[in-house]
Amino acid sequence: MDSGKERSDEAEGLRLIRAFLSLPPDKRAEVIAFVEELARAHGRPEEGTKASPR
């Protein structure tokens, strides 16, 4: 992978985490519920099971 792209992805991830942490607790809960639903919809294993690399 290109070093610049890797840094760009890392920076984007950090921006997303920062935005998430700036949300009030009730909005954070909504985001978590939304992401969990997306993970279930895409066939991700349930909590407690090991995910296989894709």
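Residues numbered from 1 in each chain as written. Predicted model: local features only at pLDDT ≥ 70, side-chain atom pairs only at ≥ 80, totals over all residues. Heavy atoms only, no water.

Trainee: Whenever I open this one, the layout of surface pockets confuses me. Can you help?
Mentor: Over the atoms rolls a probe the size of a water molecule, and its path tells where empty space is left. What the second largest pocket holds in volume is close to 160 Å³. In terms of lining, the second largest pocket is formed by Leu-16, Ile-17, Ala-19, Phe-20, Leu-23 and Val-31. Residue contributions to the lining of the second largest pocket peak at four residues, all from helix 1 (residues 3-22). Class assignment for the residues of the lining of the second largest pocket results in six nonpolar, no polar and no charged. (1 Å grid on protein atoms, 1.4 Å probe; cavity = no way out; pocket = protein on both sides within 12 Å on 5 of 7 lines; lining within 4 Å. Points joined across faces, edges and corners; volume = space filled by probe spheres on them. Helix = DSSP H or I, 4+ residues; strand = E, 2+ residues; numbered from the N terminus. Nonpolar A, V, L, I, M, F, W, Y, C, P; charged D, E, K, R; others polar.)

Trainee: Even after reading the chapter, I still don't get the pattern of salt bridges, so can you show me in this structure?
Mentor: Opposite charge on two side chains lets them pair, provided their charged atoms get close. In the structure shown here, the tally under the stated rule is three salt bridges. In this structure, Glu-12 engages Arg-15 in a salt bridge whose closest nitrogen and oxygen atoms are separated by 2.9 Å. Within this pair, Glu-12 and its partner Arg-15 are both found in helix 1, separated by three residues, close to a single helical turn. For Glu-12, a relative accessible area of 37% corresponds to the partly exposed category. The partner of Lys-27 in a salt bridge is Glu-30, with the nearest N and O atoms 3.7 Å apart. Placement of both Lys-27 and Glu-30 in helix 2 (residues 25-41) is noted, with a separation of three residues, approximately one turn of the helix. (Salt bridge = Lys/Arg side-chain N within 4 Å of Asp/Glu carboxyl O. Buried < 20%, exposed > 50% of the residue type's maximum accessible area, 1.4 Å probe, protein only.)

Trainee: Honestly, the environment of Arg-40 in this entry has me stumped. Any pointers?
Mentor: Structurally, the position occupied by Arg-40 is in helix 2. Within polar-contact distance, the side chain of Arg-40 engages the side chain of Glu-37 at 3.2 Å. (Polar contact = N/O pair within 3.5 Å; in protein donor to acceptor, adjacent residues only side chain to side chain.)

Trainee: How should the packing of aromatic side chains be read in this particular structure?
Mentor: Two numbers describe a pair of aromatic rings. These are the distance of the centres and the angle of the planes. For the structure shown, the criterion picks out zero aromatic pairs. The ring of Phe-20 is capped by Arg-28, whose NZ or CZ atom sits 5.9 Å from the centre of that ring. (Phe/Tyr/Trp six-rings, centres within 6.5 Å; stacked < 30°, edge-to-face > 60°. Lys NZ or Arg CZ within 6 Å of the ring centre and 35° of its normal.)

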